[in-house]
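So you can see what is in the structure, the chains are spelled out below.
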Amino acid sequence: MSDLNQLTITGRLGADPEVRRKQDGKPIVNMRVAVSEQWRDSGGERKERTEWVSAVIFSEGLCKVAEQYLKKGSRVLLQGKIQTRKWQDQSGNDRYSTELVLQGFDAKLIMLDGPSGERQSKPQRDQSSYDDYDEPKGQGQAANFSRDLDDDIPFMMEWR
């Protein structure tokens, strides 16, 4: 039996994507993504914790999208493999970096904001429309989940 190395995160970019080019001209994009969680403590006070995830994109098509459309604060869904690489610093000490790597056919980059960085009023079907739960809904549309649910149980919905 084999385990699957697959990681999916949603978050916001902490800076503009850093684009470098290999000697053959192919791009490599590095990004830092803030992923947060919110909850209420036993006293009812709202708490939040943010973790930073390093991501590197090797897929040429996804690199072009990141370079052209993403900027600091962009909201993204990333899916790839988690990898730890070993390297040496200037002093010759071994260092380790764990990154989300987007490479190959199963890598995904979904912009949860529109290309201009504005939240889309009507997300397209192939984008994650579940991001819309806190937007006001018109008559005949689904209720506002953030007001309907009082618990702090995290969940993720995936539409296929």
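The rules behind each value
- Residues numbered from 1 in each chain as written.
- Predicted model: local features only at pLDDT ≥ 70, side-chain atom pairs only at ≥ 80, totals over all residues.
- Heavy atoms only, no water.
- Helix = DSSP H or I, 4+ residues; strand = E, 2+ residues; numbered from the N terminus.
- Buried < 20%, exposed > 50% of the residue type's maximum accessible area, 1.4 Å probe, protein only.
- Pairing = 2+ DSSP bridges.
- Salt bridge = Lys/Arg side-chain N within 4 Å of Asp/Glu carboxyl O.

A. Here's a closer look at the environment of Lys26. Mapped onto the secondary structure, Lys26 falls in the loop between β2 (18-21) and β3 (27-40). Classification of Lys26 as partly exposed rests on a relative accessible area of 40%. Taking the C-alpha atoms as reference, Lys26 lies 8.5 Å from Phe58; in sequence the two are 32 residues apart.

B. Representation of the pairing of strand β5 (residues 75-88) in the model. Pairing between strand β1 (residues 7-13) and β5: 6 bridges, direction antiparallel. Across the sheet, residue Thr10 finds its bridge partner in β5, namely Leu77. Of the strand pairs in this sheet, β5 and strand β7 (residues 108-111) are connected by 4 bridges, and their pairing is antiparallel. Bridge pairing in β7 links Leu78 to Leu109. Across 8 bridges, the pairing between β5 and strand β6 (residues 94-102) is antiparallel. The residue of β6 that forms the bridge with Arg85 is Ser97. In sequence, β5 turns back onto β6 through a hairpin of 5 residues, with Gly92 there showing a positive phi of about 85°.

C. Main features of the pattern of salt bridges. Counting across every chain of the model gives 9 salt bridges. Note that Lys47 and Glu45 form a salt bridge whose closest N and O atoms lie 3.9 Å from each other. What makes Lys47 partly exposed here is its relative accessible area of 31%. Residue Glu45 is classed as partly exposed on the basis of its relative accessible area, which comes to 48%.

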